[in-house]
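Structure at a glance
Okay, here's what each chain looks like letter by letter:
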Amino acid sequence: MAALTREETEALIQEVLEIYPEQAKKDRAKHLAINDQSLEKSNKCITSNRKSLPGVMTIRGCAYAGSKGVVWGPIKDMIHISHGPVGCGQYSRAGRRNYYVGTTGVNTFGTMNFTSDFTEKDIVFGGDKKLAKIITEIEALFPLHKGISIQSECPIGLIGDDIEAVAKKGNKEIGKPVVPVRCEGFRGVSQSLGHHIANDAIRDWVLENRDGDDSFPTTPYDVAVIGDYNIGGDAWASRTLLEEMGLRVVAQWSGDGTIAEIEKTPKVKLNLIHCYRSMNYIARHMEEKYKIPWIEYNFFGPTKIAESLRRIASHFDETIQAGAERVIARYESEYQAVIDKYKPRLEGKRVMLYIGGLRPRHVIGAYEDLGMEVVGTGYEFGHNDDYDRTIKEMGNATLLYDDVTGYEFEEFVKKVQPDLVGSGVKEKYIFQKMGVPFRQMHSWDYSGPYHGYDGFAIFARDMDMTINNPCWKQVKAPWKTDANSEAVKVAA
Amino acid sequence: MPSVMLKKNPEGKLVFYVPKKDLEEVAESVEFDTAELWGGEVVLADGSKYYFEPITPPDFPITLRAKRVDSGED
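Definitions and limits used
Residues numbered from 1 in each chain as written. Chains lettered and ligands numbered in written order. Predicted model: local features only at pLDDT ≥ 70, side-chain atom pairs only at ≥ 80, totals over all residues. Heavy atoms only, no water. Helix = DSSP H or I, 4+ residues; strand = E, 2+ residues; numbered from the N terminus. Rg over C-alpha atoms; globule rule 2.2 N^0.38 Å. Buried < 20%, exposed > 50% of the residue type's maximum accessible area, 1.4 Å probe, protein only. Contact = heavy atoms within 4.5 Å. Areas by Shrake-Rupley, 256 points an atom, 1.4 Å probe, with all protein chains shown as cover. Lys, Arg positive; Asp, Glu negative; His and termini not counted. Charge placed at Lys NZ, Arg CZ, Asp CG, Glu CD. Pairing = 2+ DSSP bridges. Axes fitted to C-alpha atoms, helices over the stretch in contact; angles between N-to-C directions. Salt bridge = Lys/Arg side-chain N within 4 Å of Asp/Glu carboxyl O. Buried area = accessible area lost by both parts, 1.4 Å probe. Polar contact = N/O pair within 3.5 Å; in protein donor to acceptor, adjacent residues only side chain to side chain. Nonpolar A, V, L, I, M, F, W, Y, C, P; charged D, E, K, R; others polar. 1 Å grid on protein atoms, 1.4 Å probe; cavity = no way out; pocket = protein on both sides within 12 Å on 5 of 7 lines; lining within 4 Å. Points joined across faces, edges and corners; volume = space filled by probe spheres on them. Parallel < 35°, antiparallel > 145°, perpendicular 65-115°, else oblique. pLDDT = per-residue confidence, 0-100.

**Thoughts on the overall build of chain A**
Helix and strand counts for chain A stand at 21 helices and 14 strands. A compact globule built from 492 residues would reach a C-alpha radius of gyration of about 23 Å, and chain A, at 24 Å, matches this within 12%. Across the 492 residues in chain A, those meeting the buried criterion constitute 55%. Considering only intrachain contacts with a sequence separation of at least 6, the fraction spanning at least 24 residues in chain A is 72%. Accessible surface, chain A as shown: approximately 20100 Å² in total, 55% of it carbon and sulfur. Measuring between centres, the 62 positive side-chain charges of chain A sit 3 Å from its 68 negative side-chain charges.

Have a look at this one:
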């Protein structure tokens, strides 16, 4: 199917909106848009970060998901207590594949679930005593942990527990940071507020721990990688490139990260932001308080990697700039071989994305390097500034959808008929049953890493094996496809 | 009275950021921008106007309180 024109896209949006009642139609229309590269600001065409409509199937998460699942969870040497009923922690346990090194249960705790397992009694009488007991127990059972964070679930805010007081007492008792995070699930409209709350908690309870302590030897080439959660090893694939060009990565926020790294971050010379949505808050704070500049970068696909490496290097002296060129040249034969191999198999394929954080715009470059085209993209929980950054990356007259509903997404895919859909696990099986090749792009469908040159090779292989998988020809029953029934007749 | 995070971009222009509104915009003009005095009315690239109490020039980046000036006023 050829690319849609502006009018066709407009008609498509109208058609999809048709099913809603008047009020809902008016509301949803603001969240669906046709990309127009001439626009400077996204608020002219799309509304974002608003409450989802009751009654529609949204794909969003909650503030607890944003704080515990995204920002705090990957900090490996801390214990993150899911404070509240048992489900929130258990169902989000270890699903995100934030890889780390360490011995789980001894000095790292990434894939474990710690919860206060609230029952009726705790709701009625309050859970503060239980929380204090948990902190004492954790210290006895896991003495090598480096700190505790208390991730509030909905009831904590509702019953008015004073977790801050417990945290302060716990901090005195065990002599390690105990961080209360007020990320109750009902706060805000999506996980995005959870990111913000988590960032603020780091700012208030952790970041300034080593202010005035200059014992950490610094170099002029210190950087921090911020907003890389090491999904399938992403942060490692990024880190090697930065180190190869001569930089010293002091901290990883927060994939495979430690609390010590976070405390040392105010000593770096430049903050590198990968996931802008979830960690721009802390970068802006450090810019103001510690005068550390920050830049966004993109390590998906060779074009964007080269662009980003050069931009990062431009903040340093010639040795780093030469280092960046050296790195790009070193990997050129590698990534060129990947492109040569997969581009002929993927050229012209069309992709629709609906993901969160940075990926709806960051992965576009990687697809384009493989000759593919992204014809629709959207954020679960993006804000205006995300869409500002997306407009320029997307082609004209392509679809933009914010907080898309299950129904809209299905209809768009039926009409646009992309060759690949990239979204989350909740969408995966719907589209696979519809016979549309699908990649789960939140945690790379149990693959990865996708960042860096090494990741690009894996990315290309994964896209190829998904799109060109022979199974898609088998989805329709043979007697329902004309071409096949001819073939059957001939064979008979 | 939104809190506004102000910083200079690499081109030396003032960047205006309101966290709660995800508003990130370059300031087109600042009423007072001299060695002694900074502040007054700030006009953003999208046409909206904000007012800062004039102060001695601060060290950017910095967070300051601003008053929204209604665009239809003058």
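**A look at the overall build of chain B**
Looking only at helices and strands, one finds zero helices and seven strands in chain B. Secondary structure of chain B in N-to-C order comes out as β-β-β-β-β-β-β. Seen along its three principal axes, the alpha-carbon backbone of chain B occupies a region of about 30 × 25 × 20 Å. Considering chain B as a whole, with its 74 residues, one finds that 42% of them fall into the buried category. Of the contacts formed within chain B by residues at least 6 apart in sequence, a portion of 26% connects residues at least 24 apart. Working note: accessible area of chain B is about 4200 Å², and carbon and sulfur atoms make up 51% of it.

**Details of the sheet that holds strand S6 (residues 222–228) of chain A**
Residues and elements named next belong to chain A. In spatial order, the strands read S7-S6-S8-S9; together these four strands make up an open sheet with parallel pairing. Every other strand in the sheet has two partners, leaving strand S7 (248–254) and strand S9 (294–296) as the edge strands with one partner each. Neighbour-to-neighbour, the strand axes of this sheet turn through a mean angle of 25 degrees, independent of strand direction. The pairing of S6 with strand S8 (residues 270–273) spans four bridges and is parallel. In the sheet register, Val 223 faces S8, and the bridge partner there is Leu 270. Here helix H10 (residues 234–244) sits on the sheet and contacts S6, S7 and S8; the angle it forms with S7, its principal contact strand, is near 160 degrees.

**Let's talk about the pattern of salt bridges**
All names here are of chain A. Applying the stated criterion across every chain, the model contains 36 salt bridges over all chains. Residue Arg 277 is joined to Asp 385 by a salt bridge in which the shortest nitrogen-to-oxygen separation is 3.0 Å. Placement of Arg 277 in helix H12 (residues 276–290) and of Asp 385 in helix H17 (residues 384–391) is noted, with a sequence separation of 108 residues between them. Considered together, Arg 277 and Asp 385 belong to a single accessibility category, that of buried residues. Note that Lys 415 is salt-bridged to Glu 411, the shortest N-O span being 3.6 Å. Of this pair, Lys 415 and Glu 411 both sit in helix H18 (residues 406–416), four residues apart, roughly one helical turn. Given the relative accessible area of 15%, Glu 411 is considered buried. When salt bridges that share partners are traced, they join Glu 15, Glu 411, Lys 414 and Lys 415 into one network.

**Concerning the interface of chain B and chain A**
At the junction of the two partners, chain B supplies 12 residues and chain A supplies 15 residues. Between chain B and chain A lies a buried interface of about 1200 Å² when both sides are counted; carbon and sulfur atoms form 42% of it. Broken down residue by residue, the surface that chain B buries against chain A is led by Asp22(B), Glu24(B) and Pro61(B), which jointly contribute 46%. For Glu287(A), the salt bridge is made with Lys7(B), and the minimal N-O distance between the two is 3.7 Å. Connecting chain B to chain A are five residue pairs in polar contact (both at pLDDT 80 or more). Its residues assigned to classes, the side of chain B that touches chain A shows five nonpolar, one polar and six charged.

**Topic: the layout of surface pockets**
Within this model, the second largest pocket holds a volume of roughly 1100 Å³. Lining the second largest pocket are 31 residues, with Trp294(A), Glu296(A), Arg311(A), Arg389(A) and Glu24(B) positioned closest to its centre. Only S9, helix H13 (302–313), helix H15 (359–362) and H17 of chain A together with strand S1 (3–8) and strand S3 (23–33) of chain B provide two or more residues apiece to the lining of the second largest pocket. At four residues, the largest contribution of residues to the lining of the second largest pocket is made by H13(A). Class assignment of the residues belonging to the lining of the second largest pocket gives a composition of nine nonpolar, five polar and 17 charged.

**Remarks on the side chain of Lys428(A)**
Residue and element names in this part refer to chain A. Tracing the backbone shows Lys 428 in helix H19 (residues 425–433). A residue is classified by how much of its surface remains accessible, and Lys 428, at 9% relative accessible area, is buried. In contact with Lys 428, other than residues within four places in its own chain, are Phe 438, Gln 440, Asp 445 and Tyr 446.

**Some words on empty space enclosed by the protein**
In the structure shown here, the tally under the stated rule is two cavities of 30 Å³ or more. Volume-wise, the largest cavity comes out at about 40 Å³. Lining the largest cavity we find Arg284(A), Glu287(A), Met5(B), Leu6(B), Lys7(B), Val15(B), Tyr17(B) and Glu24(B). Contributions of two or more residues to the lining of the largest cavity are made by H12 of chain A together with S1 and strand S2 (14–18) of chain B. If you tally residues by element for the lining of the largest cavity, the top one is S1(B), at three residues. Of the residues contributing to the lining of the largest cavity, the split by class is four nonpolar, no polar and four charged. Roughly 30 Å³ of volume is contained in the second largest cavity. Those elements giving two or more residues to the lining of the second largest cavity turn out to be helix H6 (128–141) and helix H8 (163–174) of chain A. No other element matches the four residues that H8(A) contributes to the lining of the second largest cavity.

**Here's the deal with the packing of H13(A) against helix H20 (residues 452–467) of chain A**
Helices that pack against each other are described as a pair by the angle of their axes relative to one another and the distance between those axes. All names here are of chain A. Running from N to C, H13 and H20 cross one another at 170 degrees; their axes reach a closest spacing of 10 Å. Relative to H20, H13 is oriented roughly antiparallel. For the pair H13 and H20, the contacting residues are Pro 302, Ile 305, Ala 306 and Leu 309 in the first and Gly 452, Tyr 453 and Phe 456 in the second. Residue classes in the contact of H13 with H20 are distributed as six nonpolar, one polar and no charged.

**Thoughts on the confidence of the model for chain B**
Predicted confidence across chain B gives a mean pLDDT of 84, with 95% of residues reaching 70 or more. As scored by the predictor, the complex reaches a pTM of 0.93 and an ipTM of 0.87.

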